[in-house]
Amino acid sequence: MHFIFSPQRALAKEELRRTDFTTASDWQGFLLAYHRPCGSDSPKGANKGNALTTGDRGTRFSPDTISPVPDLLAVENLRVEFASPQGVVCAVREVSFCIAAREVLGLVGESGSGKSVTSMAMLRLLPPQARVSGSIHFEGNDLLRLPEPAMRGIRGSGIAMIFQEPMTALNPVMRVGDQVAEAVLAHQRDGKSSKRMTKQVAGERAVEALRTVAIPDAERRARDYPYQLSGGQRQRVMIAMAIVNRPRLLIADEPTTALDVTIQAEVLELLNELREKFALAMLFISHDLAVVSQVSDRVAVMYAGNLVEMGRAEQVFHNPMHPYTRGLLKAVPNLHSDRSQPLRTIEGTVPPLTALPPGCLFEPRCGWRVERCAEALPPLVEVAPDHVARCPVIQLEHH
Ligand SMILES: Nc1ncnc2c1ncn2[C@@H]1O[C@H](COP(=O)(O)OP(=O)(O)OP(=O)(O)O)[C@@H](O)[C@H]1O
Ligand code: SF4
Ligand SMILES: [Mg+2]
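Treat the numbers as computed from the prediction; the structure is a model and nothing was measured.

**Re the site of ligand 2**
Thought 1: Residues in contact with ligand 2, as listed here, are Pro 323, Cys 360, Phe 362, Glu 363, Cys 366, Trp 368, Arg 369, Cys 373, Pro 378, Cys 391, Val 393 and Ile 394.
Thought 2: Here the residues of the shell around ligand 2 sort into 10 nonpolar, no polar and 2 charged.

**Quick notes on the confidence of the model for the chain**
In low-pLDDT regions, the fine details of the predicted coordinates are not to be read closely.
Thought 1: Considering every residue of the chain, the mean pLDDT works out to 82; 77% of them sit at 70 or more.
Thought 2: Long-range and interchain partners of residues 30–69, a stretch whose pLDDT sits below 50, account for 73 contacts in this model, where long-range means more than four residues apart.

**Here's the deal with the pairing of strand β6 (residues 159–162)**
Thought 1: Burial along β6 is two-sided: Ile 159 and Met 161 facing one way and Ala 160 and Ile 162 facing the other are all buried.
Thought 2: Two elements, β6 and strand β7 (residues 249–253), share 4 bridges in a ladder whose sense is parallel. Note on β7: the bridge partner recorded for Met 161 is Ile 251.

**Quick word on the site of ligand 1**
Thought 1: Lining the immediate surroundings of ligand 1 are 15 residues, of which Phe 82, Ala 91, Ser 111, Ser 116 and Val 117 lie closest.
Thought 2: Secondary structure elements with two or more residues in the shell around ligand 1: β1 (71–84), β2 (87–100) and α3 (115–122).
Thought 3: For the shell around ligand 1, the element with the most residues is α3, which contributes 3 residues.
Thought 4: Class assignment for the residues of the shell around ligand 1 results in 6 nonpolar, 8 polar and 1 charged.

Each value, and the rule that gives it
Positions within a chain are numbered from 1, following the residues in the order the chain's sequence is written. Written order decides the labels, with chains lettered from A and ligands numbered from 1. Totals for whole chains, interfaces and linings use every residue, but because this is a predicted model, local features are given only for residues with pLDDT of at least 70 and side-chain atom pairs only at 80 or more, for both listing and counting. The C-beta atom of each residue is placed using the backbone, and any residue whose C-beta lies within 6 Å of a molecule or strand is treated as near it. In this classification, Asp, Glu, Lys and Arg are treated as charged, Ala, Val, Leu, Ile, Met, Phe, Trp, Tyr, Cys and Pro as nonpolar, and every other residue, Gly included, as polar. Per-residue confidence from the predictor is reported as pLDDT, which spans 0 to 100. Contacts here follow a simple rule: the backbone-placed C-beta atoms of the two residues must lie within 7 Å. For every residue, the other C-beta atoms within 10 Å of its own C-beta are counted; 20 or more classify it as buried, 12 or fewer as exposed, and values in between as partly exposed. C-beta atoms are placed from the backbone. Secondary structure elements follow DSSP: runs of H or I no shorter than four residues count as helices, runs of E no shorter than two count as strands, and numbering proceeds from the N terminus. In short, DSSP must find at least two bridges between two strands for them to pair.

Here is the structure:
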């Protein structure tokens, strides 16, 4: 990939050594000056004209630059903070992404990186002490500003969620069919429809949903309690509850993590089938890159509450740009891994979310760091069409 010609690159490196990057906009100014499509002749020329226009390489990322089709969901500049006895926990910051209709965006990152908090913010299910800012547009409505009754109408029928642990998400003392039927009735109560659905009709819809997720003998199993079902079947019940009201967007938060590998593969296959059948878009959350690669059209990588890279799945997996993504991918074992060697890990730890450093959050662990990296948080910039990363240094190296 070519972002900077050699003479420009030398100039850029020199500039990188000289400039004081005390704010994110300093990074941005640097990138705007030096990153631009090949073919223009003056490195400063990129500052002329409309350098922030969509599709110009090296321009600052905005959700519009990455999705070619109208978006079902657009999250912009999401920030979530929690007050805690240790201080303010900044769980999510500067997170922006889009999901188009029928598209699957995989969200990966290690434990505590803010994946679940991001998804809970989308459904406004965070506890009251959470301070949330930014915007989350779904089908034209900013969910962060919708009145609660309208939001209840979105949950379940517009956006539905599958949780990681079906055993804790399901009510242990209620028959599974009744739980799915309850989701149907709740949607009726919160929706605008004046027609009241009977419990019997809701029960029939529930059995039909259980059939859709391939629970064998659905009519009989609907009368079972969660403990009578296997882990894989319980997860199928959760999926039935999520799709029974025909949502347009499904958030699947680690939907296969608690399952063994063969059941995991079956559930992934089911999700892929449902996606086709119901034209579903999905936010698929997992710390497991192999799982994410099986279902996602695009992939977003989170680190310490920040998005550090996002692009089409094949770009992120085959041409990762951010050092953190590279480290994650190197840590995944494959069939060719030498089993006599210990698995690679990324050395060091994530910075505490109560005391985030001013610069790049990955800096203490990064093999590519330069002095400036610690000074200001780099912005997300477009490194290739549909591919953004939050690391100006690696972009300079990658020419
Ligand atoms: N209610 C809360 N109060 C304070 N901190 C919280 C709260 N909820 C989440 N956090 C913190 O926010 C950070 C992000 O949490 P989150 O659950 O989103 O991580 P995650 O990426 O989903 O991790 P995992 O892969 O383990 O599910 C964590 O450090 C967590 O401790
Ligand atoms: S090179 Fe610098 S900006 Fe890039 S990830 Fe490493 S520390 Fe962060
Ligand atoms: Mg989580």
